[in-house]
Amino acid sequence: VAGFSDPLMDCKKCKERVRGDKLLEEHLHTTIAGLSNKEIFDKVNIEFQKIFPVLFPSGYGELHMLNEQDLLNTGVEILVRLPGKKMQNMSLFSGGEKALTAISLIFSLLKTTPAPFCFLDEVDAPLDEANVGRFNDVLDALSNEFQFVVITHNRRTMEVLDTIYGISMSEPGVSKLVSVDLS
């Protein structure tokens, strides 16, 4: 490991790092212990019920635990009614509908347990033009609260981003990093 040269100092530094990691772990356990799994689930469900209709206007979605008696091992069922349709199993959805439902869940988790940034790798790929527009609207609205790193080939998604980075190959075997500040 870079920076370690004296075996005795190496051992002391490792012990300090482990001690620091244990303090961080204890802090996380204390913080998480303040909320029960059921409370966290309920918050995610509330956010899901708010975000889902934005991505599917006049649609409805909610989350249900399969076994509320065993919170640590229970499964989660996603109940969804798409606009103009009855409640149905997600296996009957198109690829775009499944992707938007998953995006709703990801954004719900993010709103409930914020992270410093969120990577979205081509989540817009299976979406048609109308759904890309709704996805972009939610992404744009949430970008005030969160920092997103979006990997996409979709021009419409690129239009809502603040900065674009890309790789250009002007001649065979020579790659260049290109950046564009859109803000």
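The following refers to the structure shown.

Rules and cut-offs
Residues numbered from 1 in each chain as written. Predicted model: local features only at pLDDT ≥ 70, side-chain atom pairs only at ≥ 80, totals over all residues. Heavy atoms only, no water. Helix = DSSP H or I, 4+ residues; strand = E, 2+ residues; numbered from the N terminus. Buried < 20%, exposed > 50% of the residue type's maximum accessible area, 1.4 Å probe, protein only. Contact = heavy atoms within 4.5 Å. Areas by Shrake-Rupley, 256 points an atom, 1.4 Å probe, with all protein chains shown as cover. Lys, Arg positive; Asp, Glu negative; His and termini not counted. Salt bridge = Lys/Arg side-chain N within 4 Å of Asp/Glu carboxyl O. Phe/Tyr/Trp six-rings, centres within 6.5 Å; stacked < 30°, edge-to-face > 60°.

## Looking at the overall build of the protein chain
Okay, step 1: Across its full length, the protein chain holds 5 helices and 6 strands.
Okay, step 2: If you list the helices and strands of the protein chain from N to C, you get α-α-β-β-α-β-α-β-α-β-β.
Okay, step 3: Here the protein chain, with 183 residues, has 28% of them falling under the buried criterion.
Okay, step 4: The contacts of the protein chain with a sequence gap of at least 6 include a subset with a gap of at least 24, amounting to 45%.
Okay, step 5: Carbon together with sulfur atoms contributes 57% to the accessible area of the protein chain, which is approximately 12300 Å² in total.

## Some thoughts on the side chain of Glu-62
Okay, step 1: With respect to the helices, strands and loops of the structure, Glu-62 is situated in strand S1 (residues 60-65).
Okay, step 2: The buried charged residue Glu-62 lacks any salt bridge partner; its closest oppositely charged side chain belongs to Arg-81, at an N-O distance of 9.4 Å.
Okay, step 3: With residues near it in sequence (within four places) discarded, Glu-62 still touches Asn-45, Phe-48, Gln-49, Glu-77, Ile-78 and Leu-79.

## Examining the environment of Thr-163
Okay, step 1: Residue placement: Thr-163 occurs in strand S5 (residues 163-171).
Okay, step 2: Of the residues examined, Thr-163 reaches a relative accessible area of 34% and is grouped as partly exposed.
Okay, step 3: Among residues more than four places away in sequence, those in contact with Thr-163 are Val-180 and Asp-181.

## A look at the packing of aromatic side chains
Okay, step 1: Going through the model one piece at a time under the given rule, you end up with 6 aromatic pairs.
Okay, step 2: Where Phe-146 meets Phe-148, the ring centres are 6.4 Å apart and the plane angle is 70°; that geometry is what we call edge-to-face.
Okay, step 3: A residue is classified by how much of its surface remains accessible, and Phe-146, at 9% relative accessible area, is buried.
Okay, step 4: Taking relative accessible area as the criterion, Phe-148 reaches 16% and is therefore assigned buried.
Okay, step 5: The rings of Phe-107, Phe-135, Phe-146 and Phe-148 are connected pair by pair, giving a single aromatic cluster.

## Re the side chain of Thr-157
Okay, step 1: Along the chain, the position of Thr-157 falls in helix H5 (residues 155-159).
Okay, step 2: Discounting residues that sit within four places of it in the chain, Thr-157 has contacts with Asp-124, Val-132, Phe-135, Asn-136, Leu-139, Val-150 and Thr-152.

Honestly, it's all geometry; don't read function into it.
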